[in-house]
Amino acid sequence: MTQAPTPTADTVRRLVRSLLKEGTEGTAGPDVRPVREGDEHTWWVGARHVLRLAPDRESSLRRRRELRLRDLLRRHVPVAVPTSVAHGDWAPGLAYTLDTLLPGGTADEHDVSAVGEDDLAGLLTGLRAVPARHAETLGVPRTAPRSLEALRRMAVHAAERLAAADEFDAARLHQLTPPGAAQLTAQPGTAVLTHHGLTGEHVVVSADGRVRGVLDWTEAALGDPAEDIAGLAVAVGSPAAVRAATLAGYGARPCLRGLWLARCDTVIHLTDHLEGRRGGSPTLLRTQMRRAWEPILLERVTDLKEEETEP
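Our subject in this report is the structure included herewith.

What follows covers unusual backbone geometry. Positive phi is not limited to glycine here, since aspartate 166 has a value of about 60°. You can see aspartate 166 is positioned in the loop between α5 (148–164) and α6 (178–183). On the basis of relative accessibility, which here comes to 73%, the residue aspartate 166 falls in the exposed class. In this structure, aspartate 216 takes a positive phi of about 55° despite not being glycine. By secondary structure assignment, the location of aspartate 216 is in the loop between β9 (211–214) and β10 (221–223). Judged by relative accessible area, which is 23%, aspartate 216 ranks as partly exposed.

Below is the structure:
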């Protein structure tokens, strides 16, 4: 199998010069720089654009699907999604998209206000309103709900290792019992379009706390809405995530399921990082775990009636 080429600043600059018609032959061209250190596939281009280069063919398929999905999303969600000013292949079979930047910072930089929680509620409401058949026509896959009990067991073992490193009180996970996890099984017929990859860096927040947009829809799937509630818990904190989901019409079951998905995930992710199985920033992973474990009014799995249905 031929190894994919590694993009360089010169590669990016030549591509962008041809797309934006900036600069002339012999000039430096537009300012380009990697979005984050060690990632040669996502680049800032000047002050107004971002260039994303797919590293392989599978990523290329998701990039091309994302372009079509964005157009569908704009009809349903009240927050912005990126607009592509150019797209194509940067190498044989490898896609790129050049997008305009959405103004604002990220949820890792700005707190979400009460009005911003309304924006998030509108996002969840809009995603649920997208007809599944329209998303499937675009190639959006279906994903099966995760087993919360299996995740709980993994998190219990991870929490014990974090406790030994003085990183976490493992007793906190005892709040979620095996019967409780069973009560929070995803209900049949509740699949909706989900972003399926919400993190703080994907939620665009202005300085006044409004949610202005959501980035990177390449992992979008038809599946468990609790996954996006979990993502918001990691991105903006559990209280804000649950309030937004409740405003969007979700009941106790998906809210609690999302809460515990986020809590178990963050414990496992930090453990994997500390034991060398996962990259990333330990500071950010600790922040995400803190957000997911923020207390909410509805903490216990009680009185979840089997006949409960979501509007």
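Let us look at the pairing of strand β2 (residues 42–45). Pairing geometry for strand β1 (residues 32–34) and β2, over three bridges, is antiparallel. Among the inter-strand pairings, proline 34 is bridged to a residue of β2, identified as tryptophan 43. Relative to strand β3 (residues 49–53), β2 runs antiparallel, the two sharing four bridges. Residue tryptophan 44 lies in a different strand from β3, and its bridge partner there is valine 50. In this structure, the hairpin formed by β2 and β3 is closed by a connection of three residues, where glycine 46 is found at a positive phi of approximately 60°.

Formed by 69 residues in total, the largest nonpolar core has its most connected members in Leu69, Leu193 and Trp217. Here this core gets 10 residues from one element, more than from any other, and that element is helix α9 (residues 252–274). Aside from chain neighbours lying at most four places away, what touches leucine 193 is Leu69, Leu73, Leu127, Val130, Ala135, Val140, Ala220, Ala221, Leu222 and Asp228. The next biggest cluster of nonpolar side chains, apart from the first, holds 14 residues, and it includes Val12, Ala91, Leu94 and Tyr96.

To continue, consider the side chain of arginine 65. Among the structural elements, arginine 65 can be located in helix α2 (residues 57–73). Although buried, arginine 65 forms no salt bridge, and the nearest oppositely charged side chain, glutamate 58, lies 5.7 Å from it. When near neighbours in sequence (up to four residues on either side) are disregarded, arginine 65 contacts Leu138, Gly139, Val140, Pro141, Thr218 and Ala220.

Further remarks concern the packing of aromatic side chains. To describe a pair of aromatic rings, one takes the distance between the centres and the angle between the planes. Per the counting criterion, the structure on display carries two aromatic pairs. Ring centres 5.5 Å apart and planes at 90° place the aromatic pair tryptophan 260 and tryptophan 293 in the edge-to-face group. Linking tryptophan 260 in helix α9 with tryptophan 293 in the segment after α10 (282–292), this pair joins segments that are 33 residues apart in sequence. By the ring-pair criterion, three or more aromatic residues cluster together here, those being Phe168, Trp260 and Trp293. Note that arginine 128 overlies the ring of tyrosine 250, its terminal NZ or CZ placed 4.2 Å from the centroid.

Its 12 residues place the ends of helix α1 (residues 9–20) 16 Å apart at the C-alpha level, agreeing with the 16 Å of an ideal helix rising 1.5 Å per residue. Regarding α1, the residues found buried are Val12, Arg13, Leu15, Val16 and Arg17. Looking at the residues trailing α1, positive phi occurs at lysine 21, about 55°.

Moving on to the packing of α9 against α10. Remark: α9 packs on α10, axes separated minimally by 9 Å, with the N-to-C direction vectors making an angle of 155°. Classified by the interaxial angle, the pair formed by α9 and α10 is roughly antiparallel. When the axes of α9 and α10 are compared, the crossing they make is left-handed. Residues Leu259, Ala262, Arg263, Thr266, Val267, His269, Leu270, His273 and Leu274 of α9 form the contact with α10, whose own contacting residues are Pro282, Leu285, Arg286, Gln288, Met289 and Ala292. For the contact of α9 with α10, the residue count by class is nine nonpolar, four polar and two charged.

Moving on: α2. Taking 1.5 Å as the rise per residue, α2 with 17 residues should run 24 Å; its terminal C-alpha atoms sit 24 Å apart, in good agreement. Of all the bends in α2, the greatest, near 25°, is centred on leucine 67. All buried positions along α2 are accounted for by Ser59, Ser60, Arg63, Arg65, Glu66, Leu67, Leu69, Arg70, Leu72 and Leu73. For α2, the elements touching its buried residues are β3, β4 (84–91), β5 (94–100), α3 (114–129), α4 (132–137) and β7 (192–194). For α2, the capping residue at the N-terminal end is aspartate 56, with a side-chain oxygen 3.3 Å from the backbone nitrogen of glutamate 58.

This next bit is on the sheet that holds β3. The five strands lie next to each other as β1-β2-β3-β5-β4, forming an open sheet whose pairing is antiparallel. Unpaired on one side and paired on the other, β1 and β4 mark the two borders of the sheet. For this sheet, the mean angle separating the axes of adjacent strands, direction not counted, is 25°. Sheet topology places β3 next to β5; five bridges connect them, and they run antiparallel. Each residue of the ladder has a partner; that of valine 50, found in β5, is aspartate 99. Its contacts with the sheet place α1 against β1, β2, β3, β4 and β5, and it is angled at close to 120° to β3. Most of the contacts of α2 go to β5, to which it runs at about 40°, and overall it touches β3, β4 and β5.

Criteria and thresholds
- Residues numbered from 1 in each chain as written.
- Predicted model: local features only at pLDDT ≥ 70, side-chain atom pairs only at ≥ 80, totals over all residues.
- Heavy atoms only, no water.
- Helix = DSSP H or I, 4+ residues; strand = E, 2+ residues; numbered from the N terminus.
- Buried < 20%, exposed > 50% of the residue type's maximum accessible area, 1.4 Å probe, protein only.
- Pairing = 2+ DSSP bridges.
- Core = buried A, V, L, I, M, F, W, Y, C linked by side-chain atoms within 4.5 Å.
- Contact = heavy atoms within 4.5 Å.
- Lys, Arg positive; Asp, Glu negative; His and termini not counted.
- Salt bridge = Lys/Arg side-chain N within 4 Å of Asp/Glu carboxyl O.
- Phe/Tyr/Trp six-rings, centres within 6.5 Å; stacked < 30°, edge-to-face > 60°.
- Lys NZ or Arg CZ within 6 Å of the ring centre and 35° of its normal.
- Expected span 1.5 Å × (residues − 1).
- Axes fitted to C-alpha atoms, helices over the stretch in contact; angles between N-to-C directions.
- Parallel < 35°, antiparallel > 145°, perpendicular 65-115°, else oblique.
- Left-handed = near helix turned anticlockwise from the far one by under 90°.
- Nonpolar A, V, L, I, M, F, W, Y, C, P; charged D, E, K, R; others polar.
- Bend = angle between axes of the 7 residues up to and from the residue.
- Polar contact = N/O pair within 3.5 Å; in protein donor to acceptor, adjacent residues only side chain to side chain.

No statement about biological role is implied by the geometric values presented.
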